[in-house]
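Survey of secondary and tertiary structure
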Amino acid sequence: IARMVKDVKTLGIVVVKEGVWVISGAMFLAAASVQKITIISTIASTTPIFIFAGALLLGKLMPGKTDEDLRPEALLVKAVSIVLVVAGVALVSFF
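Rules and cut-offs
Residues numbered from 1 in each chain as written. Predicted model: local features only at pLDDT ≥ 70, side-chain atom pairs only at ≥ 80, totals over all residues. Heavy atoms only, no water. Axes fitted to C-alpha atoms, helices over the stretch in contact; angles between N-to-C directions. Helix = DSSP H or I, 4+ residues; strand = E, 2+ residues; numbered from the N terminus. Parallel < 35°, antiparallel > 145°, perpendicular 65-115°, else oblique. Left-handed = near helix turned anticlockwise from the far one by under 90°. Contact = heavy atoms within 4.5 Å. Nonpolar A, V, L, I, M, F, W, Y, C, P; charged D, E, K, R; others polar.

Direction vectors running N to C along helix α2 (residues 8-34) and helix α3 (residues 37-44) enclose 155 degrees, while the axes themselves pass 8 Å from each other. Relative to α3, the element α2 is oriented roughly antiparallel. Our pair here, α2 against α3, has a crossing hand that is right-handed. Across the interface between the two elements, Phe28, Ala31 and Ala32 from α2 touch Ile37, Ile40 and Ala44 from α3. Residue composition of the contact of α2 with α3, grouped by class: six nonpolar, no polar and no charged.

Counting through the fold element by element, Lys9 comes out in helix α2. C-alpha separation for the pair Lys9 and Glu68, spaced 59 residues apart in sequence, amounts to 18 Å.

What follows is the structure in structure tokens.
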């Protein structure tokens with residue numbers, strides 16, 4: 001943590017990420033108050049897709065800052081896993 005605080009760029013990324021997380025949580029609660037929770041939870045389960053895309057982007061732009069495995073085999077396993085998670089939540093939510 002001390003190393004992260006010293007690196008202004010990394011600290012800025014963390015601050016932005018946490019701000020987005022707070023806003024997304026508030027939006028989830030607002031959406032849940034006006035729509036069926038099954039639809040909201042299915043949409044919320046797509047979060048891993050955006051995390052995967054962000055990690056991939058950061059891994060390509062800043063290779064030294066992440067320990068993300070960017071080999072094609074690892075990316076395929078992660079992509080298939082995300083698809084299964086989202087499909088599983090959708091099945092549970094709607095059936």
